[in-house]
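Chain and residue survey
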Amino acid sequence: FLPLAHAYGCAFDMLVPLATGSFITLFTKTPTPKLLLKALAQVRPNLVICVPLILEKIYRKQIVPMITRRAIRWALAVPFIDGAIYSKIRNKLVEAFGGCFEEVIIGGAPLNAEVEAFLYKIKFPFTVGYGMTECGPLISYTPWREFKPSSCGHILPNMEVKITGDDPENIPGEICVRGQDVMKGYFKSPDITAATIDEEGWLHTGDMGTVTDGTIFIRGRYKTMILSASGQNIYPEEIEAKLNNMPYVNESLIVERGKGLTAIVYPDYERMDADGVVIGEALDKLMEQNRVDLNNLVAPYERIDRIQLIPH
């Protein structure tokens, strides 16, 4: 379920099914999680393609409250019992998506690392792909049984990939791709095209990452990377992924302010209402605790100085 105005949604939700004679179900309402889950139970699709947000919301609102109960935490520490619990969670999650699908393909944005690790542990049939509109729109993909955690798939057979730099397997550089999927250029924009596709036909994606045996691992965007005062590369997306798992955080953005880092946070108002947390001193204390906890998880040069709340 992706918008048909999106190149990926248009290609794989409409053009490919039409080309292969598959049945397409169009959703005619605002795709809230509640309505989507109801539709999935009714349609029981064979393939689910979605952005990470849906799985992340299900994980935070349904799975986390379950596995953090004292009795469940105790049971998960016991061999053999933990496997039965994880199997039950997996079956419930599979049934929530209709129960008949081969795999869930995730793309369009990075999947939260904690969510990914949990889904991989319970053997949920998911995989993560990577693409751009400029690449028609797919670059890499791996079937879920061969998926490697923290990767975004293997380069397609008709494509090549390289990383700028001397050590592409260990030191992140810009991801460049070349091949059949790469566009001819931006419409009537030769200057922008020349800045994106070099003379050898390599398209510079603007993403930073590493490559091992053709499998791509993305670290962040080249334009959002922050160079610390000590010369360390900071990838804001990695810090945001950790912060987004913390209480009452819906979305976050790490930015450089002066010589330090600030986290801009859009609160989880729905959970705040459920727990009776109001905007003010109580929320400020919770966010300060989040800041302290986050700084214990990241490298010293990635620590944030303050959290700034925004209402929208």
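Each remark here, short or long, concerns the structure printed above.
Conventions we followed
- Every chain's residues receive numbers from 1 upward, in the order its sequence appears when written.
- In keeping with the model being predicted, local features are shown solely for residues with a pLDDT of at least 70 and side-chain atom pairs are shown and tallied solely at 80 or more, while totals for entire chains, interfaces and linings include all residues.
- The basis for every side-chain value is the complete set of heavy atoms in the structure, and neither hydrogens nor water enter the calculation.
- Exposure is judged per residue with a 1.4 Å probe applied to protein chains only, and the accessible area is read against the type maximum: over 50% gives exposed, under 20% gives buried, and values in between give partly exposed.
- Put simply, DSSP H or I for four residues or longer makes a helix, DSSP E for two residues or longer makes a strand, and each gets a number counted from the N terminus.
- Strand pairing is assigned whenever DSSP detects at least two bridges linking the two strands.
- The definitions used throughout rest on a 1 Å grid laid over the protein atoms alone, on which a cavity is an enclosed set of points accommodating a 1.4 Å probe that cannot get out and a pocket is an open set flanked by protein within 12 Å on both sides along at least five of seven lines; lining residues are those having an atom within 4 Å of a point.
- Grid points are joined across faces, edges and corners, and a volume is the space filled by probe spheres set on the points.
- Axis definition: a line fitted to C-alpha atoms, over the contacting stretch in the case of helices. Angles run 0 to 180 degrees between N-to-C directions.
- Each angle is binned into one of four classes, with values under 35 degrees roughly parallel, values over 145 roughly antiparallel, values of 65 to 115 roughly perpendicular, and all other values oblique.
- Each crossing is labelled by how the near helix is turned from the far one, with a counterclockwise turn of less than a right angle marking it left-handed and a clockwise turn marking it right-handed.
- By definition in these notes, contact holds between two residues if any of their heavy atoms fall within 4.5 Å.
- Ten residue types, Ala, Val, Leu, Ile, Met, Phe, Trp, Tyr, Cys and Pro, are classed as nonpolar, four, Asp, Glu, Lys and Arg, as charged, and the remainder, Gly among them, as polar.
- Buried residues of nine kinds, namely Ala, Val, Leu, Ile, Met, Phe, Trp, Tyr and Cys, make up a nonpolar core once their side-chain atoms join them within 4.5 Å.
- Each reported salt bridge corresponds to a side-chain nitrogen of Lys or Arg within 4 Å of a carboxyl oxygen of Asp or Glu.
- Arc definition: directions from the helix axis to the C-beta atoms.
- Each polar contact in these results corresponds to two N or O atoms within 3.5 Å; when the atoms are within protein, one needs to be able to donate a hydrogen and the other to accept it, and residues that are neighboring in sequence are counted only if both atoms are side-chain atoms.

**Section: the pairing of strand E5 (residues 173-179)**
- Where burial is concerned, most of E5 is hidden: 5 out of the 7 residues are buried.
- For strand E4 (residues 159-163) and E5, the ladder comprises 5 bridges, and the chain directions are antiparallel. Residue pairing in the sheet places Ile163 in a bridge with Ile175 of E5.
- Bridging between E5 and strand E6 (residues 203-212) involves 4 bridges; their strand directions are antiparallel. Within the sheet, the bridge partner assigned to Glu174 lies in E6 and is Met208.

**A word on empty space enclosed by the protein**
- The tally for this structure, following the rule as stated, stands at 1 cavity of 30 Å³ or more.
- Quantified by volume, the largest cavity comes out at close to 30 Å³.
- As for the largest cavity, its lining consists of Pro33, Leu36, Leu37, Leu40, Ile54, Lys57 and Ile58.
- Sorting the residues of the lining of the largest cavity by element identifies helix H2 (33-43) and helix H3 (52-67) as the ones contributing at least two each.
- It is H2 that provides the largest number of residues to the lining of the largest cavity, a total of 4 residues.

**Quick word on the packing of helix H8 (residues 236-243) against helix H10 (residues 281-297)**
- Taken N-terminus to C-terminus, the directions of H8 and H10 make an angle of 130°; their axes are 10 Å apart at the nearest point. Compared by their axis directions, H8 and H10 come out oblique. Relative to H10, H8 is oriented so that their crossing is right-handed. For the pair H8 and H10, contact is made by Ile239, Lys242 and Leu243 and by Asn290, Leu294 and Leu297, respectively.
- Across the contact of H8 with H10, the residue classes break down as 4 nonpolar, 1 polar and 1 charged.

**Quick notes on the nonpolar core**
- Ranked by size, the top nonpolar core spans 53 residues in total, and within it Phe97, Val104, Phe124, Phe126, Val177 and Ile216 carry the most contacts.
- No other element matches H3, which puts 6 residues into this core.
- Grouped together as the second largest cluster of nonpolar side chains are 19 residues, Val265, Met272, Leu283 and Met287 included.

**Some details on the pattern of salt bridges**
- The final tally for this structure, using the stated rule, is 10 salt bridges.
- Salt-bridge contacts for Arg145 lead to Glu102; the nearest nitrogen and oxygen are separated by 2.9 Å. Linking Arg145 in the loop between strand E3 (126-128) and E4 with Glu102 in the loop between helix H5 (81-96) and strand E2 (104-106), this pair joins segments that are 43 residues apart in sequence.
- Here Glu102 falls in the partly exposed class, since its relative accessible area comes to 44%.
- The salt bridge partner of Glu288 is Arg291, with a shortest N-O separation of 2.9 Å. Here Arg291 and Glu288 lie together in helix H10, a separation of 3 residues that amounts to about one turn.
- Accessibility expressed as a relative area gives 38% for Glu288, which makes it partly exposed.
- For Arg291, a relative accessible area of 18% translates into the label buried.
- The network of salt bridges with common partners includes Lys61, Asp268 and Glu270.

**Digging into the layout of surface pockets**
- Estimated volume of the second largest pocket: approximately 1,300 Å³.
- Together, 41 residues line the second largest pocket, and Phe1, Asp13, Thr25, Pro45 and Leu47 are the ones closest to its centre.
- Among the elements that make up the lining of the second largest pocket, the one with the highest residue count is H2 (8 residues).
- The residue inventory of the lining of the second largest pocket, partitioned by class, reads 29 nonpolar, 6 polar and 6 charged.

**So, helix H6 (residues 113-121)**
- For H6, every residue scored as buried is listed here: Val115, Glu116, Phe118 and Leu119. Seen end-on, H6 carries its buried residues on one side only, within an arc spanning 165°.
- Against the buried residues of H6 lie H3, H5 and E3.
- Where H6 begins, the capping side chain belongs to Asn112, and its oxygen is found 3.0 Å from the backbone nitrogen of Glu114.
- Phi for Lys123, located one or two positions after H6, is positive at around 65°.

These results come straight from atomic positions and should not be treated as a statement about function.
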